[in-house]
Amino acid sequence: MKNIAVIPNENKDKNLAVTLAVTETLTAAGITVMTERKYAIRLPGAVPYDEFPDSAEAIVVIGGDGSVLDASVYAVAHGIPLTGVNLGKLGYLSETEPSDIGKLAGLRDGRYTVHEKMLLEVITDGARLGRYAVNDIILSHSAPLGMADFLLGDSIGECLRYRADGIIFATPAGSTAYSLSAGGPVVAQNVESLLVTPICPHTFFNRSLIFGADESLTVTNTGTAPMKISIDGRDLASLLPGASCEVRKSANRLSMLSFCNGNMFRNLFDKMKLTQNIL
């Protein structure tokens, strides 16, 4: 790779100190660094852009998992891989720590692997809603103290009725995010599936469901208040009473760059500081 787009998060990287180190590492390896104009003037050697460049062959994101999720919009749209330098709390999607920035030099001569991640999409009124989901799609009640009433239906017409705070549709990658906090299982990254986890359901049946990756699921709002629809933590729309939306696997995928051969469960345990208690 010769041209890399670098996307900083100045809220995480004060004074762009880590971004500067990334820029210097890539430049020293013979890689052209491209970044937004407002950052480029503070990063010697960086090439500025006003719109995301078509010549970029990959993206390096500096920040936390939220920064990676936001940058995934560019990666999917341009069909290029993405990697992150972790400045967040967990950083499960951001493999590289600031102390290991030197690994990024491997982008120049192919010392990396590429992993494809399944994405989800929401269909409302016959059209895809906003962005693709790397982690999850969440439908939840819109009132601070309210509950949502809704039906979950599959492709053959079977339905489950829920009264709950909401419901999470997660990818295998997203099984380690909000779904895990809501009591869902961890799904191996190579097991393509659609994981459904209710959020605080008012029922004795509060288990997650795992569907095949090609299943198409429908949510119908049977309550009297709108439900919020969020994708990867960003509120995008409302599902009005009586309306339905479809959640399904996207034909697009997200490519993620990796510089190690670690097992996903080991990486997860290490990130959550649980290795000593589990293994």
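Because the structure is predicted, anything quoted here is derived from the model rather than measured.

1. Quick word on the packing of aromatic side chains
All chains considered together, the criterion is met by three aromatic pairs. Here the aromatic rings of Phe52 and Tyr74 are separated by 5.1 Å at their centres, their planes lie at 15°, and the arrangement is stacked. Linking Phe52 in the loop between β3 (47-49) and β4 (58-63) with Tyr74 in helix α3 (residues 65-78), this pair joins segments that are 22 residues apart in sequence. A centroid spacing of 5.4 Å and a plane angle of 20° characterise the contact between Phe150 and Tyr162, whose relative ring orientation is stacked. With Phe150 in strand β9 (residues 148-153) and Tyr162 in strand β10 (residues 159-164), this residue pair connects regions lying 12 residues apart in the sequence. Among the residues examined, Phe150 registers a relative accessible area of 0% and is labelled buried.

2. Quick word on the nonpolar core
One broad trend across soluble globular proteins is that nonpolar side chains are buried collectively. Ranked by size, the top nonpolar core spans 26 residues in total, and within it Ile137, Leu139 and Phe169 carry the most contacts. Apart from the residues lying within four places of it in its own chain, the contact partners of Phe169 are Leu120, Asn135, Asp136, Ile137, Leu139, Leu152, Leu194, Leu195, Val196, Leu217, Val219 and Val247. Core analysis: the second largest hydrophobic core is formed by 22 residues, Met1, Val18, Val33 and Ala46 among them.

3. Remarks on the sheet that holds strand β15 (residues 227-231)
The strand order across the open sheet built from six strands is β13-β12-β11-β8-β15-β16, with neighbouring strands paired in antiparallel fashion. At either margin of the open sheet sits one strand with a lone partner, and together these are β13 (209-212) and β16 (234-239). Each adjacent strand pair in this sheet contributes to an overall mean axis angle of 20°, direction not counted. Looking at chain direction, strand β12 (residues 193-199) and β13 are connected through four bridges and run antiparallel.

4. A look at unusual backbone geometry
One non-glycine residue, Asp125, adopts positive backbone phi at about 50°. With relative accessibility at 83%, the residue Asp125 sits in the exposed group. Positioned with a positive phi, Cys200 is a non-glycine residue whose angle comes to about 45°. One can find Cys200 in the loop between β12 and β13. Classification of Cys200 by relative accessible area gives exposed; the value is 53%.

Conventions adopted
- Residues numbered from 1 in each chain as written.
- Predicted model: local features only at pLDDT ≥ 70, side-chain atom pairs only at ≥ 80, totals over all residues.
- Heavy atoms only, no water.
- Phe/Tyr/Trp six-rings, centres within 6.5 Å; stacked < 30°, edge-to-face > 60°.
- Helix = DSSP H or I, 4+ residues; strand = E, 2+ residues; numbered from the N terminus.
- Buried < 20%, exposed > 50% of the residue type's maximum accessible area, 1.4 Å probe, protein only.
- Core = buried A, V, L, I, M, F, W, Y, C linked by side-chain atoms within 4.5 Å.
- Contact = heavy atoms within 4.5 Å.
- Pairing = 2+ DSSP bridges.
- Axes fitted to C-alpha atoms, helices over the stretch in contact; angles between N-to-C directions.

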